[in-house]
Amino acid sequence: HTQRVFKFCFQPESLRSLKREVVLLRLLKESLGERPDIARVIDWQFDEPPYYFETEHSEAGNLVDWSRRQGGIRNVPLSTRLDIVARIADALEAAHRAGVLHKDLKPANVLVYEDEEGRPHIRLTDFGIGLVTSRAALEVPGVTVAGLTEELLSSSSSTGAGTRLYMAPEVTEGHQATPLSDVYSLGVILYQTVAGDFGHALATGWERDVEDPLLREDIAACVDGDPAKRLPGPEELARRLRVLPKRRARVAAARNRKRRLIAAGAAAALALLAVGGWRGFQLWSKARWARDTAVPEIIRMAERGDFVPAFALATEVERQLGADSRLEPMWQGISTLVSLSTEPPGATVSYQPYANVESEWMILGASPLEEVRVP
């Protein structure tokens, strides 16, 4: 009484399509072993009609069916949605590693099953128009290609096949599919998953549907019209999605540093506006230089991670304007305080930029040092 999925055909001329899918699924199994995220072919019958093959059944149905039972994919927590896409990317990466392209990646071809805690997992299925990327990929013990070698190596037999909503531009233009074509389809699924609508096409202005700038960046990196500018593979998208909280934290930290630096420049300029006479004019000029030239350049260097030259320019700002507590936010963005003691005291302490061993050593002073700034 176990439930299974059967795919049938009745005409001999349609049998090659079934054989093709069975060969690809067996090739994946022989190359990758038993993977819960790729459908497994259980049995087949190709001797007489009705021809069929048998695969595993998923109680939750495909991704579209499952999301409908949740009240729509929009009602699923974003973290769960992104985890599902990362799992799809894992399965696709494994298939590519075995030399197999899917060519029809879409939510309807992603089965969902739930673990004991009710967490969704995926199983990639329907490789009916898939391809192998090289003859070497077919040289797997236990796999008989049944006269399909050339057909499995060429997309000419399935040009235009697939679901247009998810097809990469180069495929719709009649060019050979590549692993990067599957990456495009994966990017469309990510877009629909984040936007909360599996019926939504990727079109001009799609960015308005995605609030998170990092996710907009990830989607754009998958669906670039130039395949060479897309992410190199599904594995990179899975990695990006799984470290998204850390990426958000880094962006927030960089934004806060920038705000502190801008505030420091503005505070220094405002402080000097109160000074009168010739001295006031000189200080005003230096403050304007600090505000309009130095501080923006310090911000740019800090954002690039060039903290040593940023530190040097900040030191010049302080030398020109004098020590001022209102400059402290600028220092917080590019420096840290170091305390150091030696036994006996009196050791000369110097530092050198870690990434440039040919650079000059900068003297901090003699030990003991108490809260001395370094980049």
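Residues numbered from 1 in each chain as written. Predicted model: local features only at pLDDT ≥ 70, side-chain atom pairs only at ≥ 80, totals over all residues. Heavy atoms only, no water.

(A) Broad picture of the overall build of the chain. Each helix and strand in the chain was counted, giving twelve helices and eleven strands. Expressed as a percentage of contacts within the chain between residues at least 6 apart in sequence, the contacts between residues at least 24 apart total 64%. Accessible surface for the chain amounts to roughly 19,700 Å². Of this, 51% is attributable to carbon and sulfur atoms. (Helix = DSSP H or I, 4+ residues; strand = E, 2+ residues; numbered from the N terminus. Contact = heavy atoms within 4.5 Å. Areas by Shrake-Rupley, 256 points an atom, 1.4 Å probe, with all protein chains shown as cover.)

(B) Representation of the pattern of salt bridges in the model. Applying the stated criterion across every chain, the model contains 23 salt bridges. In this structure, the salt-bridge partner of arginine 68 is aspartate 65, at a minimum N-O distance of 3.4 Å. Of this pair, arginine 68 and aspartate 65 both sit in helix α2 (residues 63-69), three residues apart, roughly one helical turn. Since its relative accessible area comes to 28%, aspartate 65 is described here as partly exposed. Each member of the salt-bridge network shares a partner with another, and the members are Glu217, Asp218, Glu236, Arg239, Arg240 and Arg247. (Salt bridge = Lys/Arg side-chain N within 4 Å of Asp/Glu carboxyl O. Buried < 20%, exposed > 50% of the residue type's maximum accessible area, 1.4 Å probe, protein only.)

(C) Structural context of the sheet that holds strand β1 (residues 4-9). Here three strands make up an open sheet; going across it, the order is β1-β3-β2 and the pairing antiparallel. Sheet topology places β1 and β2 (41-45) at the edges, where each strand pairs with a single neighbour. Recorded for the sheet is a direction-independent mean angle of 15° between the axes of neighbouring strands. With six bridges connecting them, β1 and strand β3 (residues 51-56) associate as antiparallel partners. (Pairing = 2+ DSSP bridges. Axes fitted to C-alpha atoms, helices over the stretch in contact; angles between N-to-C directions.)

(D) Spotlight on a nonpolar patch on the surface. On the surface, a nonpolar cluster with roughly 330 Å² of combined accessible area is contributed by Phe6, Phe8 and Phe10. Position of phenylalanine 10 relative to the elements: it lies in the loop between β1 and α1 (15-32). Classification of phenylalanine 10 as exposed rests on a relative accessible area of 53%. (Patch = residues over 30% accessible without salt bridge, like charges linked within 9 Å, V, L, I, M, F, W, Y side chains within 5 Å.)

(E) Broad picture of the nonpolar core. Judged by nonpolar contacts, the single largest core of 73 residues is most densely connected at Ile88 and Phe127. Examining the composition of this core, we find that ten residues originate from one element, helix α3 (residues 78-97), more than from any other. Those residues within four positions of phenylalanine 127 in sequence are excluded, and the remaining contacts are Glu21, Leu24, Leu25, Leu28, Ile38, Ala95, Val100, Leu101 and His102. With 19 residues, the next largest nonpolar core counts Met301, Phe311, Ile334 and Tyr351 among its residues. (Core = buried A, V, L, I, M, F, W, Y, C linked by side-chain atoms within 4.5 Å.)

(F) Representation of the pairing of strand β5 (residues 110-114) in the model. Of the strand pairs in this sheet, β5 and strand β6 (residues 120-124) are connected by five bridges, and their pairing is antiparallel. The residue bridging valine 112 from the neighbouring strand is isoleucine 122, located in β6. Taken together, β5 and the strand that follows it, β6, pair antiparallel across an intervening segment of five residues, in which glycine 118 is found at a positive phi of about 85°.

(G) Molecular detail of the packing of helix α6 (residues 179-195) against helix α8 (residues 234-242). α8 packs onto α6 with a crossing angle of 25° between their chain directions and a minimal axis gap of 10 Å. Judged by the inter-axis angle, α6 sits roughly parallel to α8. Here Val183, Leu186 and Leu190 of α6 lie close against α8, whose contacting residues are Pro234, Leu237 and Leu241. Its residues assigned to classes, the contact of α6 with α8 comprises six nonpolar, no polar and no charged. (Parallel < 35°, antiparallel > 145°, perpendicular 65-115°, else oblique. Nonpolar A, V, L, I, M, F, W, Y, C, P; charged D, E, K, R; others polar.)

(H) Focus on the side chain of threonine 125. Its place among the elements puts threonine 125 in the loop between β6 and β7 (131-132). According to the relative accessible area criterion, threonine 125 is buried, its value standing at 14%. What threonine 125 contacts, discounting residues up to four positions off in sequence, is Ala39, His102, Asn109 and Leu111.

(I) Structural view of the pairing of β2. Pairing analysis gives four bridges linking β2 to β3, with the strands arranged antiparallel. Note that in β3 the partner of valine 41 across the bridge is threonine 55. Between β2 and β3, which pair antiparallel and follow one another directly, the connecting turn spans five residues.

(J) Expanded view of helix α7 (residues 213-222). Residues of α7 that are buried include every one of Leu214, Leu215, Asp218, Ile219, Ala221 and Cys222, and no others. Considered in projection along α7, the buried side chains sweep an arc of 160° and stay on one side of the axis. Its side-chain oxygen at 2.8 Å from the backbone nitrogen of leucine 214, aspartate 212 defines the N-terminal cap of α7. (Arc of directions from axis to C-beta. Polar contact = N/O pair within 3.5 Å; in protein donor to acceptor, adjacent residues only side chain to side chain.)

(K) Highlighting the environment of leucine 28. With respect to the helices and strands, leucine 28 occurs in helix α1. Once the C-alpha coordinates of leucine 28 and alanine 95 are considered, the two residues, 67 residues apart in sequence, prove to be 6.6 Å apart. With sequence-adjacent residues up to four places away left out, leucine 28 is seen in contact with Gly33, Ile38, Ala95, Ala98, Val100 and Phe127.

(L) A look at the packing of α6 against α7. In contact at an axis separation of 7 Å, α6 and α7 are set at 150° when each is read in the N-to-C sense. In terms of orientation, α6 lies roughly antiparallel with respect to α7. Crossing geometry of α6 relative to α7 is assigned as left-handed. The residues of α7 that touch α6, namely those facing Val183, Tyr184, Gly187, Leu190, Tyr191 and Val194, are Leu215, Asp218, Ile219 and Cys222. When its residues are assigned to classes, the contact of α6 with α7 shows eight nonpolar, one polar and one charged. (Left-handed = near helix turned anticlockwise from the far one by under 90°.)

(M) Structural context of the environment of lysine 229. Along the polypeptide, lysine 229 turns up in the loop between α7 and α8. Since its relative accessible area comes to 58%, lysine 229 is described here as exposed. It is 9.6 Å that separates the C-alpha atoms of lysine 229 and leucine 180, two residues lying 49 residues apart in sequence. Setting aside residues no more than four positions away along its own chain, lysine 229 makes contact with Ala221 and Asp224.

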